[in-house]
Amino acid sequence: MKTWRLDAGAQTLVLATGGGVPEAVWWGPALPPDEDLAELAQAARMDRTGGMLDVLAPLTLCPGPGEPWQGQPGLVLAAADGAPLVPRFRFSDAEEDDEALRLVSRAEGLTLIHSFRTEPTGVLVMRTRLESEAPVRMQWLAAPVLPAPQSGDILDFHGRWTREFHPVLTPWTPGIRLRESRTGRSGHEHPPWVLFPHEGARWTQGTVHALHYAWSGGHRSVAEALPDGRRQIQMGHAWGAETEPGTVFETADLIACISVSGLNGIGATFQRDLRDRVVRWPDPARPRPVHYNCWEAVYFRHDLGTLTAIADRAAAIGAERFVLDDGWFGGWVKGRDDDTSSLGDWSVDRRKWPEGLHPLIAHVHGLGMTFGLWVEPEMANPDSDLLRVHPDWVLGPADQATGRNQLVLDLGRAEVRDHLFGVLDALLREYPIDYLKWDHNRLLPVVAAAQTRGTYALLDRLRAAHPGVEIESCASGGGRIDAGILARTQRVWLSDCLDAAERLRMQADAALVLPAAVTGSHVGAATSHTTGRVLPMAFRAWVAASRHFGFEMDLRTLSAEEEAVLRTVTAWFKANRVWTMAGTIHRCDTPDPAVTAEVQVAADGSRFVLFAGVLDTTIQSLPRPLPLAGLEPGARYRVRLANPQDAPPASRGRVALLEGPLTLSGAALMGAGLALPVAWPHTMWVVEGTRL
Ligand code: DGJ
């Protein structure tokens, strides 16, 4: 029996083989350093009983082929002519150093490689690669297959346009929980991560396993409870995403994490891993700039006078980057006046911008802001010069349905990528642009990994040519958020919904994966454009200031009072962003369902801010004391309410925090919690804490 061990963060992975494809005999909380791995592997051996085969097939890193395995296989392969292949892999050799392990298994003409890497951020990163001497067809290739915990439930996510990141808790039942995104994006519908909270796990307590598949092109996630009681987890590209025969196939990275400190332990590790390892920042020392985005202010109605007037207001309130959204471009025949035309024609629309974008950019720069631009390079409208000239550049069948009146370009083709690179490169050369909002507003007509590889290649080439430009991944809001796209972008547009009540919930749940620094959040108009809900400025502003902050509305319509509030919150964001954007978000186990609360703790633990959002009225008369999270129990903190002015007239008592700062231990703050003032729905309490 050969064994290997990898430790990262709170987890240990132990792999073993007796001659076949290696198996994970332990994927769980950290084991003592002197654990006897051979004994552990022996101890993992299970019995057999009636009604079973005479051999219990192992749950290997690639279960199935060539074994009497009756669960979902980790590999479905055919010869180039379509004849099924059932290779019987045997373990061949291993390469190992301090941080990485490569396990090689072979069958006739085929090599199966499972690789593992430990990262200082606390995650394990793994991949599967298949090499073949002759071309083969790949239906399904799972990243290294892991055993799921025997306790607890499955926690995955569902979403839709304007209501992203909705957690779904499902009990394990015999059979399969299958989540598959077949839209060619990681998708609103099935974000590519899954958690396994053990019985009793909450935000602040308990054991949780978690996996994130770092791929933007649609994935498949299988959580299967076998008839014998074993549980397996498989993640890989969507079924059939490899459409051509080939000799090398590889999964994306599967990122694994375990927490023994509740869901917050997963959030803390995934946030740190994305921010500090996955995302490549053009200038890591640059504080996250306050955005102004004009989409919900003017939509497609661009004119210099309006936008310079709005830019004046934005700069006066504190914006540092002005983003010109959809509507600035067009072709010979038409300009982009609505969403029916011109995608693909990336020339400045001279009707709207007779002197190009230079006058606007000069104005924006004169106000001390940088300039960002919206693009949607992978798409084209049938009504565009591009598709009139290159109708064959479209991905998928000629008679397909459009989505938002648009088609997708085939980025698997080098000439399409070259064209898009040329267009974007020319824009970035002509104009001083420091940020692109890269949109992707339609579902793909086919599931094709080649499309995703093409998009990655285009982004990589553009980034190499313009390393100072930041890119935001937007796909009708949060339709393409994953560690694959975040290796090439620095911000995600979480949702097209600016309704702060919806956003508060989405942001809180998305923080299981996303750090504040990459999560774009804007203050929208008082009446939400997507829900019609009317919310006060203070609530809208604080919700946005808890992530990468910006404004997106016609700022000329603000009352003096609203503008003053927005200025105050903007100044707060700027004064605190260096540590909040680099800190960790810990969700509070709130005893009141009306309250969604989180504590953002600085990386060095020296300070924190509590954002406690009241979304509803409460059934009891007074707010329940709110236990904080993520603090050091033995440390003492001075805490003060940053916004006592937001207490409504209905707050008639003498909550201590309204009268001045308090000094309390972390244990007290996280135990009994903090008594907050009575609040109207849609109030955000902001409590600042400093460790003494
Ligand atoms: C969808 C995005 O999510 C919006 O913010 C905006 O950029 C529009 N597309 C523009 O068409």
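Since we're looking at a predicted model, the values are computed, not measured. (Residues numbered from 1 in each chain as written. Predicted model: local features only at pLDDT ≥ 70, side-chain atom pairs only at ≥ 80, totals over all residues. Heavy atoms only, no water.)

A. Molecular detail of the overall build of the chain. Along its length, the chain carries 13 helices and 37 strands. Reported as C-alpha extents along the three principal axes, the dimensions of the chain are approximately 80 × 70 × 40 Å. Counting the 692 residues in the chain, one finds 60% classified as buried. Nonlocal contacts in the chain, meaning residues at least 24 apart in sequence, comprise 69% of its contacts between residues at least 6 apart. (Helix = DSSP H or I, 4+ residues; strand = E, 2+ residues; numbered from the N terminus. Buried < 20%, exposed > 50% of the residue type's maximum accessible area, 1.4 Å probe, protein only. Contact = heavy atoms within 4.5 Å.)

B. Structural detail: the pairing of strand S6 (residues 90-96). Pairing of S6 with strand S7 (residues 100-107) involves six bridges; the strand directions are antiparallel. Across the sheet, the residue bridging to Ala94 is Leu103, located in S7. A loop of three residues connects S6 with S7, the two strands running antiparallel in sequence. (Pairing = 2+ DSSP bridges.)

C. Quick peek at the domain arrangement of the chain. What the domain assignment lists for the chain is domain 1 (2-265), domain 2 (291-576) and domain 3 (586-691). The distance between the C-alpha centroids of domain 2 and domain 3 comes to 35 Å. Taken residue by residue, the interface counts 16 residues in domain 2 and 17 residues in domain 3. For the pair domain 2 and domain 3, the summed buried surface comes to about 1300 Å²; carbon and sulfur atoms form 65% of the total. Counting every contact that joins domain 2 to domain 3 gives two salt bridges. Across the pair Arg547 and Glu598 runs a salt bridge, and its minimum N-O distance is 2.6 Å. Applying the counting rule to domain 2 against domain 3 returns six residue pairs in polar contact (both at pLDDT 80 or more). Listing elements by their share of the side of domain 2 that touches domain 3, those giving two or more residues are helix H9 (500-510), helix H10 (537-545) and helix H11 (560-580). (Domains from an automatic or database assignment. Buried area = accessible area lost by both parts, 1.4 Å probe. Salt bridge = Lys/Arg side-chain N within 4 Å of Asp/Glu carboxyl O. Polar contact = N/O pair within 3.5 Å; in protein donor to acceptor, adjacent residues only side chain to side chain.)

D. Layout of the sheet that holds strand S1 (residues 2-8). Pairing is antiparallel across the open sheet formed by three strands, whose spatial order is S1-S2-S3. Every interior strand has two partners, whereas the edge strands, S1 and strand S3 (23-29), have only one. Taking each pair of neighbouring strands and ignoring which way they run, the sheet shows an average axis angle of 15 degrees. Sheet analysis places S1 next to strand S2 (residues 11-17), joined by seven bridges and oriented antiparallel. Paired with Thr3 across the two strands is Ala16, which belongs to S2. (Axes fitted to C-alpha atoms, helices over the stretch in contact; angles between N-to-C directions.)

E. Spotlight on the site of the ligand. Near the ligand you find 13 residues, and of these Asp325, Asp326, Lys437, Asp439 and Asp496 are the closest. Gly477 has a polar backbone atom sitting 3.2 Å from an oxygen atom of the ligand. Between Asp496 and the ligand, the recorded distance is 2.3 Å, taken from a side-chain N or O atom to an oxygen atom. Protein chains bury 98% of the 300 Å² of accessible surface belonging to the ligand in isolation. (Near = heavy atom within 4 Å. Areas by Shrake-Rupley, 256 points an atom, 1.4 Å probe, with all protein chains shown as cover.)

F. Fine view of empty space enclosed by the protein. Per the counting criterion, the structure on display carries seven cavities of 30 Å³ or more. Looking at the largest cavity, the residues that line it are Met138, Gln139, Trp140, Leu141, His237, Ala238, Gly240, Ala241, Glu242, Phe249, Glu250 and Thr251. Mapped onto the lining of the largest cavity, the elements with two or more residues apiece are strand S9 (124-141) and strand S18 (246-250). No other element matches S9, which puts four residues into the lining of the largest cavity. Quantified by volume, the second largest cavity comes out at close to 80 Å³. Taken together, Val21, Thr60, Cys62, Pro63, Gly64, Pro65, Glu67, Arg88 and Phe89 make up the full set of residues lining the second largest cavity. (1 Å grid on protein atoms, 1.4 Å probe; cavity = no way out; pocket = protein on both sides within 12 Å on 5 of 7 lines; lining within 4 Å. Points joined across faces, edges and corners; volume = space filled by probe spheres on them.)

G. Structural context of unusual backbone geometry. A positive phi angle, close to 80 degrees, is found at Ser342, a residue other than glycine. As for its placement among the helices and strands, Ser342 is situated in the loop between strand S22 (329-330) and strand S23 (347-348). The exposure class of Ser342 is buried, given its relative accessible area of 1%. One non-glycine residue, His682, lies in the positive phi region at around 70 degrees. On the secondary structure map, His682 appears in the loop between helix H13 (666-670) and strand S37 (683-691). Residue His682 is classed as buried on the basis of its relative accessible area, which comes to 19%.

H. Representation of the pattern of salt bridges. Summed over the entire model, instances satisfying the criterion amount to 53 salt bridges. In this structure, the salt-bridge partner of Arg351 is Asp349, at a minimum N-O distance of 2.6 Å. Looking at Arg351, the relative accessible area reads 53%, which means it is exposed. With its nearest N and O atoms 2.2 Å apart, the salt bridge here joins Arg640 to Glu688. Placement of the pair is Arg640 in strand S35 (residues 636-641) and Glu688 in strand S37, with a sequence separation of 48 residues.

I. Local environment of the sheet that holds strand S32 (residues 584-587). What the six strands build is an open sheet, ordered S32-S33-S34-S37-S35-S36; its pairing is antiparallel. Each having just a single partner strand, S32 and strand S36 (662-665) make up the two edges of the open sheet. Neighbour to neighbour, the strand axes of the sheet diverge by 25 degrees on average, direction disregarded. Across four bridges, S35 lies against S36 in antiparallel orientation. Looking at S36, one finds that Val639 is bridged to Leu662.

J. Main features of the packing of helix H4 (residues 304-317) against helix H5 (residues 358-366). With their axes 10 Å apart at the nearest point, H4 and H5 run at an angle of 15 degrees to one another. Taken together, H4 and H5 sit at an angle that is classed as roughly parallel. Here H4 runs over H5; the crossing is right-handed. Across the interface between the two elements, Leu304, Leu307, Thr308, Ala311 and Asp312 of H4 pack against Pro359, Leu360, His363 and Val364 of H5. For the contact of H4 with H5, the residue count by class is six nonpolar, two polar and one charged. (Parallel < 35°, antiparallel > 145°, perpendicular 65-115°, else oblique. Left-handed = near helix turned anticlockwise from the far one by under 90°. Nonpolar A, V, L, I, M, F, W, Y, C, P; charged D, E, K, R; others polar.)

K. The arrangement of helix H2 (residues 263-278) in detail. For H2, with 16 residues, the first-to-last C-alpha span of 21 Å sits near the 22 Å given by 1.5 Å per residue. Buried residues dominate H2, accounting for 13 of its 16 residues. (Expected span 1.5 Å × (residues − 1).)

L. Up close: the packing of aromatic side chains. Counted by the stated rule, this structure contains 19 aromatic pairs. A ring pair is formed by Phe329 and Trp374, whose centres lie 5.9 Å apart and whose planes are at 10 degrees; its orientation type is stacked. In this pair, Phe329 sits in strand S22 while Trp374 sits in strand S24 (residues 370-375), placing the two residues 45 residues apart along the sequence. One exposure class covers both Phe329 and Trp374, and it is buried. If you follow Arg461 out to its NZ or CZ, it ends over the ring of Phe421, 3.9 Å from the centre. The ring of Trp493 is capped by Arg503, whose NZ or CZ atom sits 4.7 Å from the centre of that ring. (Phe/Tyr/Trp six-rings, centres within 6.5 Å; stacked < 30°, edge-to-face > 60°. Lys NZ or Arg CZ within 6 Å of the ring centre and 35° of its normal.)

M. Spatial organisation of the pairing of strand S4 (residues 75-79). The pairing of S4 with S9 spans five bridges and is classified as antiparallel. Pairing of Leu75 across the sheet is with Leu141, part of S9. Bridge count between S4 and strand S5 (residues 84-85): two bridges; the pairing is antiparallel. Following the sheet pairing, Leu77 is matched in S5 by Leu85. The hairpin formed by S4 and S5 contains four residues between the paired strands, and Gly82 there has a positive phi angle of roughly 95 degrees.

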